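What follows is the residue order along each chain.
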Amino acid sequence: MAVFDTPQEAFGALRPVCVQLTRAQTVENVARLQAHLAAVSASALQELQEYVLFPLRFALKVPGPKQERLVQSVVQCISSVLAATCVKKQELLQELFSELCTCLSPPSGSGRPAPLSEELKLAVIQALHTLMHSAYGDVILSLYQPSTLPLLGFAVSLLLGLAEHEKAQQIKISALKCLQVLVLQCDCQEHRHLDEDEAQQCGDLFASFLPGISITLSRVITGDIKQGHKPTVSAIRLFYLIVGSVMADAQLARIPKNKEKLPAEQSRISELMVHRGPDWSKSTAEKLSLVLHKMVEFSSVHPHWKVRLELVELVHHLLRNCSQSLVDSFSHLLKALVGLVNDENSEVQSRCNEVLQGIAEQRIVAQNRALADVLSENLHSLATALPRLMNSQDDTGKVSTLSLFLGYLKLLGPKINIVLNSTSHLHRLSKALMQVLELDVTDVKIVEDRRWGCESACRPSGSLQHGVQKGRRQKKYFRFFTEEKVLQLLQQVCRVLGYYGNLYLLVDHFMGLYGESGMYRKQAAMVLNELIAGAAGVGVDVLQEREVSLNTDDLKGSITSILDEYTDQANWYLITSIDTEEISHERSVQHSGLTPRPGACSSILLPSPELHVTTRTMNSNIWQICIQLEGVGCFAAVLGKEFRLLLLSALYPVLEKAGDKTLLISETALGTLVDICEACSYDSLQRLINENSDYLVNGISLNLRQLAHQAHASQVLDTMLRHSDASLLPLVEDVIQDVLSTLDQSYNNQTSTFLRVLHSVMAALVQWFGSSCGEKHRQRQAAEWQSRTLSQGQQMVTRQEVERFFLDYVRQKQIAEGNLPDAGDEEADEIPPLAKLEPNDSATEGETSLPSHAQLAKDVMERCIHLLSDGNLRVRLKVLDVLELCVTVLHPHGNHLLPMAHRVWPALVTRLISDDPLAVLRAFKVLCTLAQKCGDFLRQRFSKDVLPKLTSSLLSQAPASARAGPVYNHTLAFKLQLAVLQGLGSLCEKLDMGESDLNKVADACLIYLSAKQPMKLQEAAQSVFLHLMHVDPDSTWLLLNEVCCPHQYEPPHTSLRPVKLSGMGRQRNEFTDNVLLLLERLQQRE
């Protein structure tokens, strides 16, 4: 069809159909007009707009009932005309608006929309939407005059009714969007922006509709979830747009106190108009608060993320525009906003964070005292309920609650001191943290785990720092939660408080709680640690910077006061073990009034000496010390190099705890030492100790002279020695000599403590000197053996040597049978090697001077000889440990070691033969070490004094172990058997035992090759025979074949007798498997 571009052509084409439609209002005539309109250009149609609309409007005005299809087609045709043209006349806009609304009007007396088809309703809504967009420029404002208020109210009520009661989702959404256009809040950018006066005028008009709109929209928002998320999203958007317009702070501020009087002809209209004065604003805000509370509760847990996202936009819009007028509502709104920070949807999360960031940057809370008061009241209410919520909610609920708590603090930002300056608020907040952070102190394992000195003594010094760094903070177990995220939120709460709050006030308050009760002490220490970290800006996540940065001197002052309290003897020396020695040490410190370090003060909070110490108490004390140690590490990280000034008071106590026997405490203290190294720019723990060793050694020397502090001084020395190098030895030599002289004066008092010091020193000497000297000694022995082997290999075996061998064999056999040769000949042939060597040995001993570390080991070993017979088993065990280390250090200096071994032997034999099994076990270990270092020097002594007892003990215990069940493996008797069997073979080899002694050992150990014995004892017995193979393979082979001989041996010549062994032809028995295994190993060696 041709397009009519000019009005004349268009008029000629449209006139017949318009006339026809005016005469007969039928669907067909409307369709014909619609078809002709498609051929008319927009410019031509603009000129003929009223002409074309006349028959369509006339069709709607014809009295009497009309077909719905006809009305629908007319409305759709009007909509197509309006879409292509602009309404430039105010009268036309108002008339069309009224006529279209009439199409939806209900029957008289009915409050609900007319029972029309869904298609007709949708068409009318769409036509209204198009009409509002077609209004040209200022023409649209003619609808927003006081005189048109009834018409607007009629349209608003119709559209609200459709949005609330219609079941069809599309109608609901279209009605809400049309309402959004009607209140001049359309999402599109086509509309002219209203100036202040125009916006004010519209706000006055819309205020009349606010109650109806807000109530209806709240019903839509909280309606059946089956309606889908789109109507809910549209309703939320419309709600905050209309409320944000009517309750805008900027508009309400310009409202005059008294209502303006309208002309007399508009007096009835004036009754409909609302005056947005202070009273109305306050009343409306209170009612809106109820509506908002209901909406927020529903929408914040809506399953669809777009609804929750729109709720964020609602809070943002209202906070930006109505922060004064709706201040009472922000209790609910901010709660929703902060709660959605941890939403499961990433878009909701990110938008929440953006809004919160914007609130902070625009200082909305900081510049609004009323809003800050609302937040502080919310915080107080939540703090009151926090213990109950943490006790009743699941982990997800706890995370949400704490996120809300943290969000309030972040929003308050610099205004947080409003809360802190209120005694009631601060008390409630602190008590909530104390209750929530309560630790679970029921785990017995914390108390059971002990540190053994040998474990760390052998550790390479370079590996310590790397190992400690991996898990610096010990995992804590809390009474009311298990989720790590909950702890992280609580840490952030404390850090935000420290970042924004008055640090002196907070530290003073929580220090008061720390000293108030042992129940709160651990929690208060945790909070104090986090407060300091937050005050320094370490690991704190905030929305805005604080107004005044913290002074370093203030921070240092707070840290110093906390450190003094932490390291006070009442809080530092707590009972952590049921060890009677440790308990006596701790109590003696607490009641001595002495100070273990410069600047420490005595406390009045000393526990009663009669206090019954339970596992829970010890667990609690362990955690308190660990938390305080973590605090010291935190303070070091905060101050950096400035912490060097506090090392004088902090380093000594931390080193004490690094030497503590409780594993958790020692590991935490080592982590703290690593923190101090990093903070103070020491490249290693060794350097930290070495550069402060003069002060530390002085403290050790002073405290070793005080009975109450001897045990702790020994722990400091132990830690220093374990983590330093040989350069420390000259500094501690005087301390060791003081210890030795004190031991000489009195063996009864504090012997155990001094032995701990000596053990630490000897372990350090072994670590520093033992390995290098031992390695040189082994290399020298290997070189001698190699040269001897080479010289033997280079000599050719001659006839004379073979003849001499057999003659010597015959002579030895005669001697064995009792046919001794002439005594004079024997004396002439005998060469006394020892007599010749003695002068040389004594000369060498006199000439060679011992190094300082070896001399120290010798001095310590002399004291050990006297202490081996001490009546206290615990002392004897420690002496044996020290003795073994002394032997290791003196090993390269044989001329000094052998006389000392001679002197120690009688006391050591007594421990081996007639002592507690624990002491026997430890003494045998010392014997093995002595044999390894002294060699055949001990052969006769061992053969005479010890071996008979060992073999008889093994033989007597064998039946019991053969009958025993699996529980026997955990008994002391089993451990003693195992230790003897594991060490006996190497003893025989090192001491180069004679044939008769080897036979005794073999006979005693043979029974342990039985399959009835525990497997570990069988394996240990096998190791004995493997060593015997090295010493005397022929005898060992013969003995094993007497038990079980797997082969028949044919003589190489008929003149020789056949070989007959007892083990030939025997059936399989309990020894067969182990014997065959040993014979196979022996054959492999050959």
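This is a predicted model, so every value here is computed, not measured.

## Overview of the overall build of the chain
The helix and strand inventory of the chain stands at 51 helices and zero strands. Looking at the chain residue by residue over its 1086 residues, the buried ones come to 51%.

## Considering the packing of helix α6 (residues 90–103) against helix α8 (residues 149–165)
Packing of α6 against α8 leaves a shortest axis separation of 10 Å and a crossing angle of 35°. Judged by the sense of rotation from one axis to the other, the crossing of α6 with α8 is left-handed. Contact with α6, carried on its side by Gln94, Phe97, Ser98, Cys101 and Thr102, involves Leu151, Phe154, Ala155 and Leu158 of α8 and no other residues of that element. Of the residues contributing to the contact of α6 with α8, the split by class is six nonpolar, three polar and no charged.

## A few points about the side chain of His302
Relative to the assigned elements, His302 resides in the loop between α14 (278–299) and α15 (305–321). A relative accessible area of 5% means that His302 is categorised as buried. Other than its neighbours up to four places away in sequence, His302 contacts Ile225, His229, Thr232, Val307 and Arg308.

## Overview of the nonpolar core
Counting residues in hydrophobic clusters, the biggest one holds 343 residues, and the most contacted among them are Met247, Leu314, Phe643, Phe942 and Leu984. Residue contributions to this core peak at 13 residues, all from helix α31 (residues 615–639). The residues contacting Leu984, other than those within four sequence positions of it, are Phe924, Phe942, Leu947, Leu950, Leu954, Val1001, Cys1005 and Val1024.

## What about the packing of aromatic side chains?
The tally for this structure, following the rule as stated, stands at nine aromatic pairs. Centre to centre, the rings of Tyr499 and Tyr500 are 5.0 Å apart; their planes meet at 85°, and the pair counts as edge-to-face. Ring geometry for Phe805 against Phe806: centres 5.4 Å apart, planes inclined by 75°, an arrangement best described as edge-to-face. Of the two residues, Phe805 and Phe806, both sit in the exposed class.

## Examining the environment of Phe209
Residue placement: Phe209 occurs in helix α10 (residues 196–221). Taking the relative accessible area as the measure of exposure, Phe209 reaches 11% and is therefore buried. The sequence separation of Phe209 and Leu149 amounts to 60 residues, and the corresponding C-alpha distance is 9.7 Å. Setting aside chain neighbours within four positions, we find Phe209 in contact with Leu149, Leu152, Gly153 and Val156.

## Quick look at helix α21 (residues 423–436)
Here α21 spans 20 Å end to end across 14 residues, near enough to the 20 Å set by a 1.5 Å rise per residue. For α21, the set of buried residues is His425, Leu426, Leu429, Ser430, Lys431, Ala432, Leu433, Met434 and Val436.

## With respect to unusual backbone geometry
A positive phi angle, near 60°, is found at Leu184, a position not held by glycine. Inspection of the secondary structure puts Leu184 in the loop between α9 (169–182) and α10. In this structure Leu184 comes out as partly exposed when scored by relative accessible area, which is 24%. Positioned with a positive phi, Asp992 is a non-glycine residue whose angle comes to about 55°.

## So, the state of the cysteines
In protein structure, a disulfide is the covalent linkage between the sulfur atoms of two cysteines. Throughout the structure, instances matching the rule amount to zero disulfides. Left without a disulfide partner, Cys77 is nearest to the cysteine sulfur of Cys18, which lies 8.7 Å away. Residue classification places Cys77 among the buried positions, given a relative accessible area of 0%.

## Considering helix α43 (residues 873–890)
Spanning 18 residues, α43 covers 26 Å between terminal C-alpha atoms, matching the ideal 26 Å at 1.5 Å per step. Of all the 18 residues making up α43, 14 are buried; the element is thus mostly covered by neighbouring parts of the structure. You can read the cap of α43 off the contacts: a side-chain oxygen lies 2.9 Å from the backbone nitrogen of Arg874, and it is on Asn872.

## Section: the packing of helix α47 (residues 972–991) against helix α48 (residues 995–1006)
At a minimum axis separation of 11 Å, α47 and α48 run at an interaxial angle of 160°. Comparing their axes, α48 and α47 come out roughly antiparallel. Between α47 and α48 lies a crossing of left-handed hand. Contacts from Leu981, Leu984 and Cys988 of α47 reach α48 at Leu998, Val1001 and Cys1005. Of the residues that constitute the contact of α47 with α48, the class distribution is six nonpolar, no polar and no charged.

## A word on a nonpolar patch on the surface
A cluster of nonpolar side chains, Val802, Phe805 and Phe806, forms an exposed patch at the surface whose accessible area comes to about 320 Å². Counting through the fold element by element, Phe805 comes out in helix α39 (residues 799–817). Accessibility expressed as a relative area gives 53% for Phe805, which makes it exposed.

## Concerning the environment of Lys1060
Among the structural elements, Lys1060 can be located in the loop between α50 (1033–1043) and α51 (1072–1085). When the C-alpha atoms of Lys1060 and Glu1050 are compared, they prove to be 9.7 Å apart, with 10 residues separating the residues in sequence.

## Digging into the environment of Lys641
Following the sequence through the fold, Lys641 ends up in the loop between α31 and α32 (647–658). By relative accessible area, Lys641 is classed as exposed at 56%. For the pair formed by Lys641 and Cys677, sequence separation is 36 residues and the distance between their alpha carbons is 9.7 Å. If near-sequence neighbours (up to four positions away) are discounted, Lys641 is found in contact with Ala679, Cys680 and Ser681.

## Side note on the pattern of salt bridges
Across all of its chains, the model carries 30 salt bridges by this definition. Where Arg254 meets Asp197, a salt bridge forms, and the shortest distance between an N and an O atom there is 3.0 Å. Note that Arg254 is positioned in the loop between α12 (249–253) and α13 (267–272) and Asp197 in helix α10, a separation of 57 residues in sequence. We classify Asp197 as exposed; its relative accessible area is 52%. The partner of Asp1073 in a salt bridge is Arg1068, with the nearest N and O atoms 2.5 Å apart. Overlapping salt bridges, with partners in common, bring together Arg57, Lys61, Glu95 and Glu99 in one network.

## Topic: the confidence of the model for the chain
Here the chain averages 82 in pLDDT, while 86% of its residues score no lower than 70. The low-confidence segment residues 454–471, where pLDDT is below 50, has 22 contacts with residues more than four positions distant or belonging to other chains. Across residues 823–847 the pLDDT falls below 50, and counting only partners more than four positions away or on other chains, this stretch makes five contacts in the model.

Conventions adopted
Residues numbered from 1 in each chain as written. Predicted model: local features only at pLDDT ≥ 70, side-chain atom pairs only at ≥ 80, totals over all residues. Heavy atoms only, no water. Helix = DSSP H or I, 4+ residues; strand = E, 2+ residues; numbered from the N terminus. Buried < 20%, exposed > 50% of the residue type's maximum accessible area, 1.4 Å probe, protein only. Axes fitted to C-alpha atoms, helices over the stretch in contact; angles between N-to-C directions. Left-handed = near helix turned anticlockwise from the far one by under 90°. Contact = heavy atoms within 4.5 Å. Nonpolar A, V, L, I, M, F, W, Y, C, P; charged D, E, K, R; others polar. Core = buried A, V, L, I, M, F, W, Y, C linked by side-chain atoms within 4.5 Å. Phe/Tyr/Trp six-rings, centres within 6.5 Å; stacked < 30°, edge-to-face > 60°. Expected span 1.5 Å × (residues − 1). Disulfide = S-S within 2.5 Å. Polar contact = N/O pair within 3.5 Å; in protein donor to acceptor, adjacent residues only side chain to side chain. Parallel < 35°, antiparallel > 145°, perpendicular 65-115°, else oblique. Patch = residues over 30% accessible without salt bridge, like charges linked within 9 Å, V, L, I, M, F, W, Y side chains within 5 Å. Areas by Shrake-Rupley, 256 points an atom, 1.4 Å probe, with all protein chains shown as cover. Salt bridge = Lys/Arg side-chain N within 4 Å of Asp/Glu carboxyl O. pLDDT = per-residue confidence, 0-100.

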